[in-house]
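Per-entry structural report
For reference, the chains in residue letters:
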Amino acid sequence: MLDNLPRGTICIEDIEMGMSRHLQKVITDEDIEMFAQISTDRNPVHLDDDYARDTIFEGRIAHGMLTAGLISAVIGEQLPGHGTVYLGQSLKFLAPVRPGDLVYAEVTVTDIEPARRRVKMDCHCSVDGKKVLVGEATVMAPSRKFD
């Protein structure tokens, strides 16, 4: 994975409006197979070339939640990072992700409630500059007061 900052924690006291972090990852056949194993979602549109060719996608696609997991990786590893508690996530899937696609996942802070340690972030994933997923996440950020 390629990202723009080291892993760790940004405490609520240091989070600012507009802060943004990202990562990039090529989605591989192995990623799709492992996600199918873990999630038990073995829909053939993800795993069977012959089946998937005859669908509206005209080929295999990655699980939407595999792509969404990259948003979780940015939140859990970079912003706010380690110690973050996920409270909610909205997602809208705009286009398929295929094996071999380089996915760019980014989160940007849009609202901060310091007293409650709440942070809202716009989230998106894109492939070749085209958004494939958009959404909003709400998290509880770690605080130096409790660490």
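Quick look at the structure, then.

Criteria and thresholds
- Residues numbered from 1 in each chain as written.
- Predicted model: local features only at pLDDT ≥ 70, side-chain atom pairs only at ≥ 80, totals over all residues.
- Heavy atoms only, no water.
- Helix = DSSP H or I, 4+ residues; strand = E, 2+ residues; numbered from the N terminus.
- Buried < 20%, exposed > 50% of the residue type's maximum accessible area, 1.4 Å probe, protein only.
- Contact = heavy atoms within 4.5 Å.
- Lys, Arg positive; Asp, Glu negative; His and termini not counted.
- Charge placed at Lys NZ, Arg CZ, Asp CG, Glu CD.
- Polar contact = N/O pair within 3.5 Å; in protein donor to acceptor, adjacent residues only side chain to side chain.
- Core = buried A, V, L, I, M, F, W, Y, C linked by side-chain atoms within 4.5 Å.
- Pairing = 2+ DSSP bridges.
- Salt bridge = Lys/Arg side-chain N within 4 Å of Asp/Glu carboxyl O.

Quick look at the overall build of the protein chain
Assigned secondary structure in the protein chain consists of 4 helices and 6 strands. When the helices and strands of the protein chain are placed in sequence order, the string is β-β-α-α-α-α-β-β-β-β. For the protein chain, the C-alpha atoms occupy an extent of roughly 55 × 30 × 25 Å along the three principal directions. When each of the 147 residues of the protein chain is scored for burial, the buried share is 41%. Looking at the protein chain alone, contacts between residues at least 24 apart form 65% of all its contacts between residues at least 6 apart. Looking at the protein chain, you have 16 positive and 23 negative side-chain charges, and the mean spots of the two groups are 6 Å apart.

Things to note about the environment of lysine 25
Residue placement: lysine 25 occurs in strand 2 (residues 20-26). Here the alpha-carbon distance between lysine 25 and valine 103, two residues 78 residues apart in the chain, equals 5.4 Å. A polar contact of 2.6 Å, which involves the side chain of lysine 25, links it to the side chain of aspartate 31.

A short note on the nonpolar core
Counting residues in hydrophobic clusters, the biggest one holds 32 residues, and the most contacted among them are Ile15, Ile27, Ile71, Val107, Val109, Val119 and Met121. At the level of elements, helix 4 (64-77), strand 4 (102-113), strand 5 (118-127) and strand 6 (130-140) are the ones that each hand at least two residues to this core. When residues in this core are grouped by element, the largest group, 6 residues, is from helix 4.

Observations regarding the pairing of strand 4
Where strand 2 lies against strand 4, 7 bridges are found, and the strand directions are antiparallel. If you follow histidine 22 over to strand 4, its bridge partner there is glutamate 106. Two successive antiparallel strands, strand 4 and strand 5, enclose a turn made up of 4 residues, where arginine 117 displays a positive phi of approximately 60°.

Some words on the pattern of salt bridges
For side chains of opposite charge, pairing can occur when their charged atoms come near one another. All chains considered together, the criterion is met by 7 salt bridges. Ionic pairing is found between arginine 60 and aspartate 29, a salt bridge with its closest N-O pair at 2.4 Å. Here arginine 60 is found in the loop between helix 3 (49-53) and helix 4, whereas its partner aspartate 29 is found in helix 1 (residues 29-39), with 31 residues between them in sequence. Under the relative-accessibility criterion, aspartate 29 is labelled partly exposed at 46%. Two residues, arginine 116 and glutamate 113, come together in a salt bridge whose shortest N-O distance is 3.3 Å. We classify glutamate 113 as partly exposed; its relative accessible area is 30%. Shared partners join several salt bridges into a network, and the residues in it are Asp29, Asp49 and Arg60.

With respect to the environment of leucine 102
On the secondary structure map, leucine 102 appears in strand 4. When sequence neighbours within four positions are dropped, the list of residues in contact with leucine 102 reads Gln24, Lys25, Val26, Ser126, Val127 and Asp128.

In short, the description is geometric, and any link to function would need to be established separately.
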